[in-house]
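Now for the letters of each chain:
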Amino acid sequence: MRPPGMLTPAEADALEAKLVEDPEDFSARVNLVAYYGFRDRAAKDKHVLWIIEHHPEYSGIGTPDMVLNPVLEGPAYQQGKALWLQIVKNKPTNAGILGNAAAYFLLSDRATAEDLLKQAQVLEPQNPAWSEHLGQLYKLDLMGLSGTDSTAKAQQALAEFEKAQTQTSPAVPGAPRL
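These numbers were taken from a predicted model, which means no experiment stands behind them.

**Student:** Which residues make up the overall build of the protein, and what are the values?
**Tutor:** Within the protein, the regular secondary structure consists of eight helices and zero strands. Reading the helices (α) and strands (β) of the protein from amino to carboxyl end gives α-α-α-α-α-α-α-α. C-alpha atoms of the protein, sized along the principal axes, occupy 55 × 40 × 30 Å. Looking at the 178 residues of the protein, the share that counts as buried comes to 42%. Sequence separation of 24 or more characterises 52% of the internal contacts of the protein that already satisfy a separation of 6 or more. Approximately 9700 Å² of the protein is accessible, and the part contributed by carbon and sulfur atoms is 57%. Counting 16 positive and 22 negative side-chain charges, the protein places the centres of these two groups 3 Å from one another.

**Student:** Can you tell me about the pattern of salt bridges, naming the residues and giving the values?
**Tutor:** Applying the stated criterion to the full structure yields eight salt bridges. With a shortest N-O distance of 3.0 Å, Glu73 and Lys44 are connected by a salt bridge. One end of the pair, Glu73, is in the loop between helix 3 (41-54) and helix 4 (74-90); the other, Lys44, is in helix 3, with 29 residues separating them in the sequence. For the pair formed by Glu73 and Lys44, the shared burial category is buried. The closest approach of N and O atoms between Glu114 and Lys118, which form a salt bridge, is 3.3 Å. Of the two residues, Glu114 and Lys118 are both situated in helix 6 (residues 110-123); the distance of four residues between them amounts to about one turn of the helix. Here the salt bridges share partners, and the residues they tie into one network are Arg41, Lys44 and Glu73.

**Student:** Can you break down helix 8 (residues 147-166) residue by residue, with the values?
**Tutor:** Along its 20 residues, helix 8 runs 29 Å from first to last C-alpha, staying within 8% of the 28 Å computed at 1.5 Å per residue. Every buried residue of helix 8 is accounted for by Ser150, Lys153, Ala157, Glu160 and Ala164. Buried residues of helix 8 fall within an arc of 95° about the axis and therefore sit on the same side. Counted as exposed and oriented over 90 degrees from the buried face of helix 8: Thr148, Gln155 and Thr166.

**Student:** If you had to explain the side chain of Glu160 to someone new, which residues and values would you point to?
**Tutor:** You can see Glu160 is positioned in helix 8. For Glu160, a relative accessible area of 10% puts it in the buried group. Beyond its immediate sequence surroundings of up to four residues, Glu160 is in contact with Gln121, Ser131, Leu134, Gly135 and Tyr138.

**Student:** Mind laying out the packing of aromatic side chains, listing which residues take part and the relevant values?
**Tutor:** For the structure on display, the rule yields five aromatic pairs. Centroid distance Tyr104 to Phe105: 5.3 Å. Interplanar angle 85°. Geometry classified as edge-to-face. Pair check on accessibility: Tyr104 and Phe105 agree, each one buried. An aromatic cluster of at least three residues, connected via ring pairs, comprises Tyr77, Trp84, Tyr104 and Phe105. Taking the ring centre of Trp50 as reference, the NZ or CZ of Arg29 above it sits at 4.1 Å. The ring of Tyr35 has Arg39 lying over it, and the distance from NZ or CZ to the ring centre is 4.3 Å.

**Student:** An account of the packing of helix 4 against helix 5 (residues 95-105) is requested, with residue identities and associated values reported.
**Tutor:** Between helix 4 and helix 5, the shortest axis-to-axis distance is 10 Å and the interhelical angle comes to 155°. The orientation of helix 4 relative to helix 5 falls into the category roughly antiparallel. In this structure, the crossing between helix 4 and helix 5 has a hand that is left-handed. Counted together, Ala76, Tyr77, Gly80, Lys81, Trp84, Leu85, Ile87 and Val88 of helix 4 and Ile97, Leu98, Asn100, Ala101, Tyr104 and Phe105 of helix 5 form the full contact between these two elements. When its residues are assigned to classes, the contact of helix 4 with helix 5 shows 11 nonpolar, two polar and one charged.

**Student:** Tell me about helix 5, and name the residues and values.
**Tutor:** Of all 11 residues in helix 5, nine are buried; the element is thus mostly enclosed. For helix 5, every residue scored as buried is listed here: Ala95, Ile97, Leu98, Gly99, Asn100, Ala101, Ala102, Tyr104 and Phe105. If you follow the buried residues of helix 5, they end up packed against helix 3, helix 4, helix 6 and helix 7 (128-141). Its side-chain oxygen placed 3.1 Å from the backbone nitrogen of Gly96, Asn94 serves as the N-cap of helix 5.

The rules behind each value
- Residues numbered from 1 in each chain as written.
- Predicted model: local features only at pLDDT ≥ 70, side-chain atom pairs only at ≥ 80, totals over all residues.
- Heavy atoms only, no water.
- Helix = DSSP H or I, 4+ residues; strand = E, 2+ residues; numbered from the N terminus.
- Buried < 20%, exposed > 50% of the residue type's maximum accessible area, 1.4 Å probe, protein only.
- Contact = heavy atoms within 4.5 Å.
- Areas by Shrake-Rupley, 256 points an atom, 1.4 Å probe, with all protein chains shown as cover.
- Lys, Arg positive; Asp, Glu negative; His and termini not counted.
- Charge placed at Lys NZ, Arg CZ, Asp CG, Glu CD.
- Salt bridge = Lys/Arg side-chain N within 4 Å of Asp/Glu carboxyl O.
- Expected span 1.5 Å × (residues − 1).
- Arc of directions from axis to C-beta.
- Phe/Tyr/Trp six-rings, centres within 6.5 Å; stacked < 30°, edge-to-face > 60°.
- Lys NZ or Arg CZ within 6 Å of the ring centre and 35° of its normal.
- Axes fitted to C-alpha atoms, helices over the stretch in contact; angles between N-to-C directions.
- Parallel < 35°, antiparallel > 145°, perpendicular 65-115°, else oblique.
- Left-handed = near helix turned anticlockwise from the far one by under 90°.
- Nonpolar A, V, L, I, M, F, W, Y, C, P; charged D, E, K, R; others polar.
- Polar contact = N/O pair within 3.5 Å; in protein donor to acceptor, adjacent residues only side chain to side chain.

These results come straight from atomic positions and should not be treated as a statement about function.
This is the structure:
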């Protein structure tokens, strides 16, 4: 099989047919999300929503293919939002899931993303990933700011990046090496 997203239409059809027989085929869904990309948003959205609902711990869920856009994919985005909010309500002590939910909201709802990342940071205070992600969020917030507002936001981002730099946690799966 080709790399994800490089399927032929016939291979995509075969994977869809396979899902009729085995709807739990996670690998097929990930491949189809990459394949559909901008080709067929509705088909992509269906698989992204299934992955959110059934595998919120999936490490690839924060990638651009897996994030639904509130403008381009409005109804699907709202479904994803509702799913994520319910999932984090049901699993408030799973830092990985909180981080994945934060990735979903990063561009569309930064306040929710920030709250989720801070919760993950409380659960895993030595995991530099949460500080790194908060630094990135604050860096995004700098866009369009000027003067003292931009200085304060830049200081916030820098503080998180410095915290991530000082944290070393090889025992935490997925923790980046900075």
